[in-house]
Amino acid sequence: MILAHLDLDAFFAAVEELEDPELRERPLIVGGDPHGRGVVATANYHARRFGIQSAMSCAEALRRCSHATFVRPRHSVYREYSRSVWSTVRGVVPTVERTGLDEGYLDLGEVAGDFLAARAVAEAVQTAVRAATSLSCSIGVAPAKVVAKVASDRRKPGGLTVVVPGSEARFLAPLAVRKLPGVGPKADERLRVAGIATCGELAALNDEELRGLLPGKVGKLLRDRARGIDTRGLELGTERISISVEETFERDLTDREQLHDELRRMAREVAEHLRKSGKTARTVTTKLRYTDFSIRSRSTTLRVAIDDAETIAELACGLLDRALEDRPGALRLAGVGVSGLVAYHQLALDADWAAPFQDVRA
Ligand SMILES: [Mg+2]
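Below you will find a few notes about this structure.

Strand order in this open sheet of 5 strands is E5-E6-E1-E7-E8, and the pairing throughout is mixed. One side of each edge strand has no neighbouring strand; the edge strands of this open sheet are strand E5 (96-98) and strand E8 (160-162). Put simply, the sheet's adjacent strands are angled 15 degrees from each other on average, direction ignored. Sheet topology note: the strand E1 (residues 3-8)/strand E6 (residues 103-107) ladder contains 5 bridges and is antiparallel.

With mixed pairing, 3 strands are arranged side by side in an open sheet as E3-E2-E4. Looking at which strands have only one partner, the edges of the open sheet turn out to be strand E3 (40-43) and strand E4 (69-71). Taken over all neighbouring pairs, the strand axes of this sheet differ in orientation by 30 degrees on average, direction set aside. Two elements, strand E2 (residues 28-31) and E3, share 3 bridges in a ladder whose sense is antiparallel. What sits directly across from Val30, in E3, is Thr42. Its contacts with the sheet place helix H1 (residues 11-19) against E2, E3 and E4, and it is angled at close to 115 degrees to E2.

Computed from the structure, the largest pocket encloses a volume of approximately 700 Å³. Considering the residues around the largest pocket, the lining is formed by 28 residues, among which Asp7, Arg48, Ser54, Asp153 and Lys156 are closest to the centre. Mapped onto the lining of the largest pocket, the elements with two or more residues apiece are E1, H1, E3, helix H2 (45-48) and helix H6 (145-152). Taken together, the residues of the lining of the largest pocket sort by class into 12 nonpolar, 6 polar and 10 charged.

Turning to the nonpolar core, a few remarks are in order. Looking at soluble globular proteins, one finds that nonpolar side chains tend to be buried together. With 41 residues, the main nonpolar core has Leu106, Val125 and Val141 as its most contacted residues. Contributions of two or more residues to this core are made by E1, H1, E2, helix H4 (75-92), helix H5 (115-133) and strand E7 (137-142). Examining the composition of this core, we find that 8 residues originate from one element, H5, more than from any other. When residues of this core are assigned to domains, at least three fall in each of domain 1 (11-74) and domain 2 (76-168). Contacts of Val141, omitting those with residues within four sequence positions, involve Ile2, Leu3, Ala4, Leu108, Phe115, Ala118, Ala122, Leu160, Thr161, Val162 and Val163.

Applying the stated criterion to the full structure yields 3 aromatic pairs. Considering the side-chain rings of Phe12 and Tyr78, the 4.3 Å spacing of their centres and the 10 degrees angle between planes classify their relative orientation as stacked. Placement of Phe12 in helix H1 and of Tyr78 in helix H4 is noted, with a sequence separation of 66 residues between them. Classification of Phe12 as buried rests on a relative accessible area of 15%. Given a relative accessible area of 0%, Tyr78 falls into the buried group. The lysine or arginine in question, Lys145, covers the ring of Tyr105, its NZ or CZ lying 4.8 Å from the ring centre. Its guanidinium or amino end placed over the ring of Tyr290, Arg327 lies 4.0 Å from that ring's centre, counting from NZ or CZ.

Here the focus is helix H13 (residues 309-326). The terminal C-alpha atoms of H13, which comprises 18 residues, lie 26 Å apart, in line with the 26 Å expected from a rise of 1.5 Å per residue. Within the sequence span of H13, burial applies to Ala309, Thr311, Ile312, Ala313, Leu315, Ala316, Cys317, Leu319, Leu320, Asp321, Ala323 and Leu324.

Basis of the calculations
Residues numbered from 1 in each chain as written. Predicted model: local features only at pLDDT ≥ 70, side-chain atom pairs only at ≥ 80, totals over all residues. Heavy atoms only, no water. Pairing = 2+ DSSP bridges. Helix = DSSP H or I, 4+ residues; strand = E, 2+ residues; numbered from the N terminus. Axes fitted to C-alpha atoms, helices over the stretch in contact; angles between N-to-C directions. Contact = heavy atoms within 4.5 Å. 1 Å grid on protein atoms, 1.4 Å probe; cavity = no way out; pocket = protein on both sides within 12 Å on 5 of 7 lines; lining within 4 Å. Points joined across faces, edges and corners; volume = space filled by probe spheres on them. Nonpolar A, V, L, I, M, F, W, Y, C, P; charged D, E, K, R; others polar. Core = buried A, V, L, I, M, F, W, Y, C linked by side-chain atoms within 4.5 Å. Buried < 20%, exposed > 50% of the residue type's maximum accessible area, 1.4 Å probe, protein only. Domains from an automatic or database assignment. Phe/Tyr/Trp six-rings, centres within 6.5 Å; stacked < 30°, edge-to-face > 60°. Lys NZ or Arg CZ within 6 Å of the ring centre and 35° of its normal. Expected span 1.5 Å × (residues − 1).

So this is what it looks like as structure tokens:
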């Protein structure tokens, strides 16, 4: 697995700074009433220099920094920014598990063959998010969710930390146990009392020692995590609404004939999958990834569902040609997909399949 965890930097505060640039130069706290029982939702980096953190009471924050500006959270505004961040991210990495407005996991394995390429994709994501929204994010890249999550927090703001396979345990070892997701205040306290302060010390406990401190499944789970072991994949919807085949080329391709050959081969594979699932499709999509990792896709929707390789190939090649007219360039990946799936019996043996009634551009 090659996963990334993306976390927007001081998200609520960063949005408020964009909406009112005057806030940028001073300590800013998004949260409740500092004269009541409010707590800090997010503090900007100026405020953090005064030791102000999320979940601290606003009264305490005011004590630490009497000239801080306090603003109330505006969740509908944050949702708008979040939407645009995640649609930008999906433009670079299609498979994403959002875990919050400001964080989520990305399946980099789908778009990068190794960790070197994964680093480049992660940088492309950061650049794209900044270009689209002016927001900065930090990313951790790792072979496991828990490691990626910890890594995204290492070099905030705007950081990128890549933990290559085999170095997970070494990366985690010096970090405080409470940095591990899943270690709550209670577990942290029990471990601390027993002299276990770092992930490395937790990872080194034998079964017996572990049972004494954190009995049951939780202990084993946390020790696994401290060792960088975490087999969880991304949690995604399971309903099959499309079938697609794509390929990252061994070297970037510009030759039209060669690209058409590749698409024809993929179209045959797609048709094969379609037939096996007893479905036909009304929409054909061609996906292109350029050498700068940006993605274009073009679709055509037909009046009548199809399932034969030649038709899919012909449409896919036409879409590719049009996309390359719009934006010429070498491709590192191309793909053919079908969607709008319908059961086979609905297939009408009609000759006018080729008349598109809708042209969609993404
Ligand atoms: Mg965040």
